Structures are given as C-alpha cells and as structure tokens.
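# Per-entry structural report
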Amino acid sequence: MPLEIAPSAVLEPAPTVPEPDPMSVDTEFKSDLLRTMQARGYIHQITHPVELDEAASTGTVTGYIGFDATASSLHVGSLIQIMMLRRLQQAGHKPIVLMGGGTTKVGDPTDKDQSRPLLSEAQIQSNIDSIQAVFAKFLTFGDGPTDAVMVNNADWLDKLGYVQFLREFGVHFTINRMLSFESVKLRLEREQPMTFLEFNYMLMQATDFLELERNFGCVLQMGGSDQWGNILNGVELIRRVDQKPSFGLTTPLLSTASGQKMGKTVGGAVWLNADMRSPYDYWQFWRNTEDADVGRFMRLFTDLPLEEVARYEAMEGAAINDAKKVLANEATRMLHGQAAADAAAEAARVAFEVGSVSADMPTLEVAAADLEAGIVLAALAVDAGLATSRGEARRLAQGGGLRINDLAEVDGARIISRGDLVDGVIKLAAGKKKLVLIKPV
C-alpha cells in the first residue's frame, strides 16, 4: 500500500531531533550489539546512542541497509555493510536487506562527481536477481523473529505519484538543510552539476525508512559514513511524522593502510559474485592485504574471536604471512564455501611455494592465432590484470617484477609466443603474489 500521512501531521510543527553526539561512540555500551560493533571497529557515528543501546538491550531491534542494483554484482566495498547486518543478526536482532529497485532508477549522487547512467527496469531487475544470492551466504532468511527478510523499494516508490510524493514528504525537508549535507556540498564545491532527479534521492531514502518502520517495525538504518546525511533524513522523518524512536548508525569508510580505496585493485573492482571474480582471485585479494590492515580486516570481515585476532595482529616479519593466509581462508570460506577456500589456498601454495600450476589458478584465454603471431609482454600483462597500462607493465618488468614461467623478464617489449608454452600454458606473474595462466584457445 502507498504510504499515507494524515494532513494534520503535515501541518504540525516538527519536533526537534537531537543532533548526534560524535563522542558517544567511545562510551561503554551494555547491549551485545553495540559492544560487538564497537569492539570490531564498525562504529563511526550514532544518532541516539543511549536510546539505541537501551533498545538493543531490552528487545529485538530491526535494522536495515539499502543496496542499489547498479551492477550485476556487489563488490568488496559493500561487504562491510553485509557484515553489519550479519552482526545485527548474530546479536539476536532482525536484519532487512533493502534492494533498491526504485532508488536505482534515480541513482545515489553521494560521493559522485557525475550522474550515474540511467538503467532500464529490465537491467535493474536482472542486477537484483544476480545480486541477491550473495546475502544468503552471510544471513539466515526465514519467518522467525530474527530471520532476515529481503524487500524491494520499487514496491512502494513506484506507486507514489509525483504530486503525492511532494505533498506528503516534501514539506518535511528544507532546501537549506539538504544543501548542508556533505554529499551535496562537495558536489557543488567541485562545480559538478547535480540534477534535480538526483537531488530527490535523499527524500526517497527517507521514505524507505518510514515505510520499513511502519510495515516491519524497523527502527535502525545503517550504512557507510558517506550516507550520514541521507540516514539523518530518515531518522528525522520518522520522529517528526510518526513520533516514534528511530536511529542511525554509520561505519567508517574503508581504505587500506596506504590510503587506497577498499576493494580497488589493478584488475578492477573485487566483485563478490564468483562468475565475475573467481574464488582464487578473491582469496588472493585478501592474501595481499597490507601488513598493517590484517588485524582490522579480521575484525571486520571474519568471525574469528577477538582474542585470536589480537594474536595474529601481533605477528611480525614473515609470520604475518601466515595471518594473511588465515584472513584469506576465512573471508573466502564465508563467501564461497570451505571447498572453494581450500582449493584456492592449495592453488596458491602450488603456484608460489612449489612452482607448479593448478586448474584453480586464474586463467586468461587468448586466441591461438594471436599467440602464434606473438603478443607484446606489456600488453599481455595489462590484459591479464597485472598492470593498468603498458607503461606500468614496462616499468614493472624493468624493476624485475614480471616473470614468465618463473623466470624474471626485464624487457616489457619482449614478444610472447607459442614457444613459451609449458604443458599448454604460460605462467605470467607480477611480484610474488599475482599469477595468471595464459592459455591459447
């Protein structure tokens, strides 16, 4: 049913919503939920920490996170959000996975300099169908009081007429307030245009929260810190219109110790769907974690006990590599299953410790005719995802970082041909941790 707000609710003065206390996240929480979130490093901001802590201590909290369907797979950048829902359920509360079938039609402008390409309804639905299976790896779905549910905001947003939407929700948001949010300010400061379509996104997200509060008793919205402004809008809307408790919680935006955005690699995004990134490549992503990030990523992305994490975190020198393997095994097992994690670990051992090859290693198929004619090493390294450009590949070779069949090759212009095949493949490696088999077809 479309959302309905009584006319009197529109005309009544909106109650003041307390500003979040940024220091409150350092307090000692009494609920298992917030203690776990805090200890594992998920908390950046909370709107009403004392109220939320009390609610989580005395009853079941229903919380949600929204995921727009802009691609056919989520990537590692979304994994922390999925893990937050997992922590919610592990603490005895109810998670809602909100698929953005409606909001994807608009596109979230947060942290973007340009408008997202508009997708057709068929493309959006295809993406949702492809994405949703991942959540079953991390959450238990069902009809129980703490079982996860999945909903699609197209079910209510598509039914709202534009005038109805403006009359029912537009009166609760001021342009002054909307312009104050970082997601809007940064876009305007960089003199990048923001369409009126995108400007409506934050109202749509607030509407989602109100819908979930009314139909599922949802009181908590979670997300990355870049979503803080959008989350605040939903919290304020519920408290003004329905006069009910509602809360927002954000996690820090993740980057590696060296400052690289989480989930970005030379080969592109680290996708969660196995058909877009193999379990072996996924395992290798975690195995290549920077030393300083091992403990933090174990806390965020695995279920390892904190005492065990502290032990791994204290490792130094070559021993830290053992901790990285544990991280890779645990993260891969959670997403792809134990068998896939074991196979990936064994393939890596065979490749880098024994020097042999395995069917589980990432493979780049090239046309046999192209290999017969010869392929420039630098170009092949780019195609294999070992470098972002030919120039980078040449520099990598000059520094001794490229290897062909376990032998260093310093000339990026070297021609790779059928003569380099060993048992039907060519081992192409960058550094000590990245390897791709080249296979003619």
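Residues numbered from 1 in each chain as written. Predicted model: local features only at pLDDT ≥ 70, side-chain atom pairs only at ≥ 80, totals over all residues. Heavy atoms only, no water.

A few words now on the overall build of the protein chain. A tally of helices and strands in the protein chain yields 20 helices and 15 strands. Considering the protein chain as a whole, with its 441 residues, one finds that 51% of them fall into the buried category. Partitioning the intrachain contacts of the protein chain with sequence separation of at least 6 by distance along the chain shows that 74% fall at a separation of at least 24. (Helix = DSSP H or I, 4+ residues; strand = E, 2+ residues; numbered from the N terminus. Buried < 20%, exposed > 50% of the residue type's maximum accessible area, 1.4 Å probe, protein only. Contact = heavy atoms within 4.5 Å.)

Moving on to the sheet that holds strand β11 (residues 402-404). The mixed open sheet is built from 5 strands, whose spatial order is β9-β15-β14-β11-β12. Each of the sheet's edge strands pairs with one partner strand only, and the pair in question is β9 (363-366) and β12 (407-408). With 3 bridges joining them, β11 and strand β14 (residues 426-430) adopt antiparallel strand pairing. The partner of Ile404 across the bridge, within β14, is Leu428. (Pairing = 2+ DSSP bridges.)

This next bit is on helix α20 (residues 390-398). Three or more residues of α20 are buried, namely Gly391, Ala393 and Ala397. Projected down its long axis, α20 shows its buried positions confined to an angular sector of 160°, all on one face. On its buried side, α20 packs onto α19 (377-383) and β11. Gly400, located one to two residues past α20, shows a positive phi value of around 80°. (Arc of directions from axis to C-beta.)

A separate point is helix α2 (residues 32-40). Residues of α2 that are buried include every one of Leu33, Leu34, Met37 and Arg40, and no others. Around the axis of α2, the buried residues are gathered within 145° of arc, so they sit on the same side. One or two residues past the end of α2 sits Gly41, with phi positive at roughly 90°.

On to the side chain of Asn273. You can see Asn273 is positioned in the loop between β8 (268-269) and α13 (279-287). Polar contacts involving the side chain of Asn273 include one to the main-chain carbonyl oxygen of Ser72, which spans 3.2 Å. Here the side chain of Asn273 touches Ser130 through a polar contact of 3.0 Å, side chain to side chain. (Polar contact = N/O pair within 3.5 Å; in protein donor to acceptor, adjacent residues only side chain to side chain.)

Next up on the list: the confidence of the model for the protein chain. Summary statistics for the protein chain give a mean pLDDT of 83 and a share of 79% for residues scoring 70 or more. Below a pLDDT of 50 lies the segment residues 1-18, which in the model reaches 31 contacts outside its immediate sequence neighbourhood of four places, other chains included. (pLDDT = per-residue confidence, 0-100.)

What follows deals with the pattern of salt bridges. What the rule picks out here adds up to 13 salt bridges. Asp303 is the partner of Arg86 in a salt bridge, and the nearest nitrogen-oxygen pair spans 2.5 Å. Of this pair, Arg86 sits in helix α4 (residues 79-90) while Asp303 sits in the loop between α14 (294-301) and α15 (306-313); the two residues are 217 residues apart in sequence, bridging distant segments of the chain. Shared partners join several salt bridges into a network, and the residues in it are Arg86, Arg87 and Asp303. (Salt bridge = Lys/Arg side-chain N within 4 Å of Asp/Glu carboxyl O.)

A separate point is the sheet that holds strand β2 (residues 62-67). For sheets, the rule is that strands pair by backbone hydrogen bonds, running either parallel or antiparallel. Spatial strand order, β1-β6-β5-β2-β3-β4: 6 strands in an open sheet with mixed pairing. Unpaired on one side and paired on the other, β1 (45-46) and β4 (149-152) mark the two borders of the sheet. Bridge analysis of strand β3 (residues 94-99) against β4 gives 4 bridges, and the strand direction is parallel. The residue bridging Leu98 from the neighbouring strand is Val151, located in β4. α4 rests against β2, β3, β5 (220-224) and β6 (247-251) of the sheet, and its axis sits at about 165° to β2. (Axes fitted to C-alpha atoms, helices over the stretch in contact; angles between N-to-C directions.)

Okay, the nonpolar core next. The biggest cluster of nonpolar side chains holds 65 residues, and the ones touching the most others in it are Trp286 and Phe301. No other element matches helix α16 (residues 320-336), which puts 8 residues into this core. Once residues within four sequence positions are removed from consideration, Phe301 is found in contact with Tyr42, Leu79, Ile80, Met83, Leu254, Met262, Trp286 and Met334. (Core = buried A, V, L, I, M, F, W, Y, C linked by side-chain atoms within 4.5 Å.)

Evaluated as defined, the whole model comprises 7 aromatic pairs. Connected via pairs of aromatic rings, a cluster forms that spans Tyr282, Phe285, Trp286, Phe297 and Phe301. Of note, Arg311 hangs over the ring of Tyr312, and the distance from its end group to the ring centre comes to 4.7 Å. (Phe/Tyr/Trp six-rings, centres within 6.5 Å; stacked < 30°, edge-to-face > 60°. Lys NZ or Arg CZ within 6 Å of the ring centre and 35° of its normal.)

A word on the pairing of strand β15 (residues 434-440). Burial analysis of β15 places 5 of its 7 residues in the buried class, which makes it a mostly covered element. As paired strands, β9 and β15 are joined by 4 bridges and run parallel to one another. Bridging from a neighbouring strand, Leu364 pairs with Ile438 of β15. Both β14 and β15 contribute to a ladder of 5 bridges, which runs antiparallel. The partner of Leu428 across the bridge, within β15, is Val436.

For the rest of this paragraph, the subject is the packing of α13 against α16. Closest axis-to-axis distance for the α13/α16 pair is 8 Å, and the angle between their directions is 140°. Classified by the interaxial angle, the pair formed by α13 and α16 is oblique. The chirality of how α13 crosses α16 is right-handed. Residue-level contacts link Pro279, Tyr282, Trp283, Trp286 and Arg287 of α13 to Asn321, Lys324, Lys325, Leu327, Ala328, Asn329, Ala331, Thr332, Leu335 and His336 of α16. Residues that form the contact of α13 with α16 fall into these classes: 8 nonpolar, 4 polar and 3 charged. (Parallel < 35°, antiparallel > 145°, perpendicular 65-115°, else oblique. Left-handed = near helix turned anticlockwise from the far one by under 90°. Nonpolar A, V, L, I, M, F, W, Y, C, P; charged D, E, K, R; others polar.)

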